[in-house]
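A structural walkthrough
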Amino acid sequence: MTTPRTAAPARVRFAGFGARFAVAAGLMLPVLPVDASAQAQGQIQSQTQGQAQGQSPAVPVQAPAQAVLAGGKLEAKYEASLAGIAVGKGQWAIDINEDQYSATASGGTAGLLKAFAGGSGSGQSTGRVVAGALVPSNYQAVTTSAKKSETIKMLITPGYVKEFSIEPEPPLDPEKIPITDAHRRNVIDPMTGSLMRVGGTGELLTPDSCRTGASIFDGRMRYDLKLDYKRMESVKAEKGYRGPAIVCAVYFTPIAGYVPDRAAIKYLAAQRNIEVTLVPIAGTRVLVPYRMVVPTPLGVAMLEATEFVTTPAPAKAVAKTN
């Protein structure tokens, strides 16, 4: 006779999910509460697909007076909350210049949550800037809890994950949809996916900026994200950015590397109220998350910037030709 499985106390469920959410938030990996650390937020999918097929990426914006934008930097701090209770803190540094970019994040649990389920994490993505398009080359994420530490590494060529590893290697789960070679093509890593480049030379914050999508592989899971326009807002960080922002709906579709019957996956795939608020990095045509909201059975999970300091790189003069 099989002993019925009893539900975990609410406090334990809250602590366990809160810890996963806080660490994911600190890493700026989409804070979707699934075992595979599903991540969200989009980059233009056609950008990487076109590069993989040998097409020319979008042309970067030209600044007036015979100068081009040389890039910009972001130094930001975020707080994560669940059902209005603070669960974590994180920081994010992004540096985009003429020919390369890097994004580094770290974070972990905070406040009373540490007493129940402490955790921390760090992550980094680096790559090249090709005609204004962000082309990832390396990705790494490290998560640590009281029970274990895990490192995910990926080596990426344009649109293709050439190599990836998880240390220690997780046990095989026959219920998971396996990752195939096809699932590693025409994808980007989740942190690069958080840097949403807007093509063209027009306004950055328009409804069309939200109407995009991304194909993401995070070393465990392959999933698609679709964004759509919701509304415009004004945001005001405690330090740094004050100004307009665009709010996009986020729709999550799992592809492979997950268990189809997992309740959290089904819940997220059915959600129509996930949203991300985006603002620009000065000197670039890149939008990044200022706030993210994810409904959960335990209440609303939110990641929001408290500091958002962004500065443009000096413009580089272009020699005139007769």
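Owing to the predicted nature of the structure, the values given are computational and were not obtained by experimental measurement.

**Brief notes about unusual backbone geometry**
In this chain, Glu-167 is followed by Pro-168 through a cis amide linkage whose omega measures -5 degrees. Position of Pro-168 relative to the elements: it lies in the loop between β9 (160-167) and α4 (190-193). In the Ramachandran plot, Ala-83 falls in the positive-phi region, its phi being about 55 degrees despite a non-glycine side chain. In this fold, Ala-83 is placed in the loop between β3 (72-82) and β4 (85-96). Here Ala-83 falls in the partly exposed class, since its relative accessible area comes to 43%. Although it is not a glycine, Ala-131 adopts a positive phi angle of roughly 50 degrees. Relative to the assigned elements, Ala-131 resides in the loop between β6 (119-130) and β7 (133-145).

**Structural notes on the pairing of β3**
As judged from the 11 bridges shared by β3 and β4, these two strands associate in the antiparallel manner. Bridge pairing in β4 links Tyr-78 to Gly-90. Bridge count between β3 and strand β17 (residues 299-312): 11 bridges; the pairing is antiparallel. In the sheet register, Leu-82 faces β17, and the bridge partner there is Ala-301.

**Focus: the state of the cysteines**
Enumeration over the complete set of coordinates arrives at one disulfide. The disulfide bridge from Cys-210 ends at Cys-248, spanning 1.8 Å between sulfur atoms. Because the torsion about its S-S bond is -75 degrees, the bridge between Cys-210 and Cys-248 counts as left-handed. Here Cys-210 is found in helix α5 (residues 207-210), whereas its partner Cys-248 is found in strand β14 (residues 242-256), with 38 residues between them in sequence. Take Cys-210: its relative accessible area is 0%, and that puts it in the buried class.

**What about the packing of aromatic side chains?**
The full count for this structure, using the stated rule, is five aromatic pairs. Members of the aromatic cluster, joined through ring pairs, are Tyr-241, Tyr-290 and Phe-308. When the ring centre of Tyr-160 is taken as origin, the NZ or CZ atom of Arg-185, which lies over that ring, is 4.3 Å away.

**Some words on the side chain of His-183**
Relative to the assigned elements, His-183 resides in the loop between β9 and α4. Looking at His-183, its side chain comes within polar contact range of the main-chain nitrogen of Thr-180, at 3.0 Å. If near-sequence neighbours (up to four positions away) are discounted, His-183 is found in contact with Pro-178, Arg-222, Ile-255 and Ala-256.

The rules behind each value
- Residues numbered from 1 in each chain as written.
- Predicted model: local features only at pLDDT ≥ 70, side-chain atom pairs only at ≥ 80, totals over all residues.
- Heavy atoms only, no water.
- Helix = DSSP H or I, 4+ residues; strand = E, 2+ residues; numbered from the N terminus.
- Buried < 20%, exposed > 50% of the residue type's maximum accessible area, 1.4 Å probe, protein only.
- Pairing = 2+ DSSP bridges.
- Disulfide = S-S within 2.5 Å.
- Phe/Tyr/Trp six-rings, centres within 6.5 Å; stacked < 30°, edge-to-face > 60°.
- Lys NZ or Arg CZ within 6 Å of the ring centre and 35° of its normal.
- Polar contact = N/O pair within 3.5 Å; in protein donor to acceptor, adjacent residues only side chain to side chain.
- Contact = heavy atoms within 4.5 Å.

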